[in-house]
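So you can see what is in the structure, the chains are spelled out below.
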Amino acid sequence: MFEFLLVIPTLNEDKYIGSMLLNSEKELRSIYSDGRFLIVVADAGSEDATISVVERFMKNHRNVVLTRSSHIAERGYDVMHAMSMHKSKLYCYIDADLAPSLPYLKRAITKSAEGYDLVLGSRYLRASITRRPAVRRLFSIVYNGLIRNMFSDGITDHQCGFRIFNRKAFRVLSKKSTERHWVWDTEVILIARHSNLKIIETPIKWVEQRSDKTNYSRLLRDILLFIPGIARLIYRFILGRELG
Ligand SMILES: Nc1nc2c(ncn2[C@@H]2O[C@H](COP(=O)(O)OP(=O)(O)OP(=O)(O)O)[C@@H](O)[C@H]2O)c(=O)[nH]1
Ligand SMILES: [Mg+2]
């Protein structure tokens, strides 16, 4: 059994995956000096150089593996599937473009060791460092406020791609999770609350690297995708249709 399993979901990430692998491997080796950790890149059929960058890295690092799916828009499912392939004490996922958050990993792992089942990275705590295009940031804050009020969960960041589950949390989530893409990040929190798991948020550093400008067509696509997803979450977690 591994001490720590890190899953990095990817879709066309050749700009970021190299430094993400290098830095996460270095960080995990400093925390787990016995090397009992595994990094899994869960790729959704990248058409850029992501696969070749990962395969090159794997030649010199035996604790890195690659899983490949041919379906896009199943990030949550891909992460859970990659986790289910390996036994570990802790399961973590971090987005490929979040290398700046890695120095915060040790602190998050300490929270797991203190007994929290779910440790959630957050961009909106006092100690977090966040730089994002203004419109994206505004939408993210509105989304989080909306979900926090609707589900009374007290969580500041429902969509951060930096999380750690312990075995108990992973077992519960694999049994109850049904969302497959972006809404999955929010669903995870609601399932955990519904199942009385211990949850804590921890600060991260999030520096938007892709662009200083908001991509409006992507923003619109995301909003349209979230509306039916939130409706499903309301049905399950507010109208009480979630089964035990
Ligand atoms: N497996 C899988 N991963 C995906 C998919 N779509 C995106 N990803 C990965 O999921 C992570 C988060 O995606 P991002 O595009 O960074 O999403 P975001 O952080 O909300 O948006 P940005 O602000 O543009 O960074 C990245 O590592 C992506 O490569 C997908 O369909 N399948
Ligand atoms: Mg991102």
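We now turn to the structure provided with this report. Here the structure is a predicted model, which is why all the values come from computation and not from measurement.

**What about the nonpolar core?**
Then comes step 1: Within the largest apolar cluster, 62 residues are counted, with the highest numbers of intra-cluster contacts made by Leu 5, Leu 6, Val 7, Ile 8 and Cys 92.
Then comes step 2: In terms of residues, this core owes the most to one element, helix H7 (residues 183-194), which gives 7 residues.
Then comes step 3: Those residues in contact with Leu 5, other than ones at most four positions away along the chain, are Leu 38, Val 40, Met 83, His 86, Ser 88, Leu 90, Tyr 91 and Cys 92.

**Quick look at the pairing of strand S7 (residues 162-166)**
Then comes step 1: S7 sits mainly inside the fold: 5 of its 5 residues count as buried.
Then comes step 2: Pairing of strand S4 (residues 88-94) with S7 involves 5 bridges; the strand directions are antiparallel. By the bridge assignment, Leu 90 is partnered in S7 with Asn 166.
Then comes step 3: Where strand S5 (residues 118-122) lies against S7, 3 bridges are found, and the strand directions are antiparallel.

**Considering the site of ligand 1**
Then comes step 1: Surrounding ligand 1, one finds 17 residues, the nearest of these being Pro 9, Leu 11, Ala 44, Asp 78 and Ala 96.
Then comes step 2: Counting only elements with at least two residues in the shell around ligand 1, the list comes to strand S1 (2-10) and helix H3 (75-84).
Then comes step 3: A class-by-class count of the residues in the shell around ligand 1 yields 7 nonpolar, 2 polar and 8 charged.

**Here we look at H7**
Then comes step 1: The end-to-end C-alpha separation of H7 is 16 Å, in line with the 16 Å expected for 12 residues at 1.5 Å each.
Then comes step 2: Most of H7 is tucked away, with 10 of its 12 residues classed as buried.
Then comes step 3: When we look at burial in H7, the residues that qualify are Val 183, Trp 184, Asp 185, Thr 186, Glu 187, Val 188, Ile 189, Leu 190, Ile 191 and Ala 192.
Then comes step 4: The secondary structure elements touched by the buried residues of H7 are H3, S5, helix H5 (134-151), helix H6 (167-176), strand S8 (199-203) and helix H8 (216-237).
Then comes step 5: Just beyond H7, the residue with positive phi is Asn 196, at close to 60°.

**Notes on the environment of Ser 70**
Then comes step 1: Within the fold, Ser 70 resides in the loop between strand S3 (64-68) and H3.
Then comes step 2: C-alpha of Ser 70 to C-alpha of Ser 46: the two residues are 24 residues apart in sequence and 8.9 Å apart in space.

**Examining helix H1 (residues 17-31)**
Then comes step 1: For H1, which comprises 15 residues, the first-to-last C-alpha distance of 21 Å matches the rise-based estimate of 21 Å (1.5 Å per residue) to within 8%.
Then comes step 2: Each element contacted by the buried residues of H1 is listed here: S1, strand S2 (37-43), helix H2 (50-60), S3 and S4.

**Structural notes on the environment of Val 172**
Then comes step 1: Tracing the chain through its elements places Val 172 in helix H6.
Then comes step 2: Remark: the alpha-carbon pair of Val 172 and Gly 121, spanning 51 residues in sequence, is separated by 20 Å.
Then comes step 3: If sequence neighbours within four positions are ignored, Val 172 has contacts with Ile 191, Ser 195 and Leu 197.

The rules behind each value
Residues numbered from 1 in each chain as written. Chains lettered and ligands numbered in written order. Predicted model: local features only at pLDDT ≥ 70, side-chain atom pairs only at ≥ 80, totals over all residues. Core = buried A, V, L, I, M, F, W, Y, C linked by C-beta atoms within 7 Å. Buried ≥ 20, exposed ≤ 12 C-beta atoms within 10 Å, placed from the backbone. Helix = DSSP H or I, 4+ residues; strand = E, 2+ residues; numbered from the N terminus. Contact = placed C-beta atoms within 7 Å. Pairing = 2+ DSSP bridges. Near = placed C-beta within 6 Å. Nonpolar A, V, L, I, M, F, W, Y, C, P; charged D, E, K, R; others polar. Expected span 1.5 Å × (residues − 1).

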